[in-house]
Amino acid sequence: MMHITISTSVNQHYLKVKEGFSGDLLLQLNPPFPKVTLQRFDGSEVGDLVSLQINMLVAKVNWTSKITDAATTEEEYFFVDEGVSLPFFLSKWKHRHRIIRSGERKTIIRDEISYAGRFALLTPILYPILYLQFLYRKPIYRKVFA
């Protein structure tokens, strides 16, 4: 498994940021390519499903994740999505979304991703692609949660 962690500081209370995590935000966080369509968004509670369709030009692939853990404390809100039906190039996916209180009106949004490619050689090849996909989120988080 490979791991990616990207943190973004925003100027909003962590519980307000928690409220903003929605299907609409999920669509905003995706780069223009590949085109992503939201097929299902139950929410961010344990047992909820999120399904996407990704248009890879030569084929459309489906991706479904299930929320397997979630909690809110005085210091943080988090939820974890794990892939249950993944695109052909992935064999494992676990994404912990952490919304960490960092003062009264400051929050750190931390994406912690663990993944494996369908083939061992594919895992490191996917790293820069996935890293850039999540790096793309930083200015969007800052704009949405300004």
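Source: prediction; values computed, not measured.

Colleague: Go over the environment of Trp-63, please, and point to the residues and values.
Modeller: Here Trp-63 shows up in strand E4 (residues 60-72). Between the C-alpha atoms of Trp-63 and Ser-51, which are 12 residues apart in sequence, the distance is 5.6 Å. With residues up to four places along the chain from it excluded, the contact list for Trp-63 reads Val-50, Ser-51, Leu-52, Ile-54, Ser-85, Leu-86, Pro-87, Leu-90 and Trp-93. There is a polar contact of 3.1 Å between the side chain of Trp-63 and the side chain of Ser-65.

Colleague: Run through the pairing of strand E5 (residues 76-85), naming residues and quoting values.
Modeller: Two strands pair when backbone bridges link them, and E4 and E5 are joined in this way by 8 bridges, in the antiparallel orientation. Considered in E5, the bridge of Ile-67 is made with Asp-81. Hairpin connection from E4 to E5: 3 residues lie between these consecutive antiparallel strands. The pairing of E5 with strand E6 (residues 90-101) spans 7 bridges and is classified as antiparallel. Across the sheet, Glu-82 pairs through a bridge with Lys-94, a residue of E6. Between E5 and E6, which follow one another and run antiparallel, lie 4 residues.

Colleague: Please give an account of the side chain of Ser-65 that cites residues and values.
Modeller: Topologically, Ser-65 is positioned in strand E4. Under the relative-accessibility criterion, Ser-65 is labelled buried at 4%. Here Asp-81 takes part through its side chain, which lies 3.3 Å from a polar atom of the side chain of Ser-65. When near neighbours in sequence (up to four residues on either side) are disregarded, Ser-65 contacts Asp-48, Leu-49, Val-50, Asp-81, Glu-82, Gly-83, Val-84 and Trp-93.

Colleague: I'd love a proper account of the packing of aromatic side chains, names of residues and values included.
Modeller: Tallied over the entire structure, the rule returns 9 aromatic pairs. Look at Phe-21 and Phe-79: their rings are 6.0 Å apart centre to centre, the planes differ by 75 degrees, and that puts the pair in the edge-to-face class. Here the residue Phe-21 occupies a position in the loop between helix H1 (14-20) and helix H2 (23-28), and Phe-79 occupies one in strand E5, the gap between them amounting to 58 residues. Among the residues examined, Phe-79 registers a relative accessible area of 6% and is labelled buried. Between Tyr-77 and Phe-79 the ring centres are 5.8 Å apart and the planes differ by 40 degrees, which places this aromatic pair in the tilted class. In this pair, the class of Tyr-77 matches that of Phe-79, namely buried. An aromatic cluster of at least three residues, connected via ring pairs, comprises Phe-21, Tyr-77, Phe-79, Tyr-141 and Phe-145. Over the aromatic face of Phe-78 sits the side chain of Arg-96, whose NZ or CZ is 4.5 Å from the ring centroid.

Rules behind the numbers
- Residues numbered from 1 in each chain as written.
- Predicted model: local features only at pLDDT ≥ 70, side-chain atom pairs only at ≥ 80, totals over all residues.
- Heavy atoms only, no water.
- Helix = DSSP H or I, 4+ residues; strand = E, 2+ residues; numbered from the N terminus.
- Contact = heavy atoms within 4.5 Å.
- Polar contact = N/O pair within 3.5 Å; in protein donor to acceptor, adjacent residues only side chain to side chain.
- Pairing = 2+ DSSP bridges.
- Buried < 20%, exposed > 50% of the residue type's maximum accessible area, 1.4 Å probe, protein only.
- Phe/Tyr/Trp six-rings, centres within 6.5 Å; stacked < 30°, edge-to-face > 60°.
- Lys NZ or Arg CZ within 6 Å of the ring centre and 35° of its normal.

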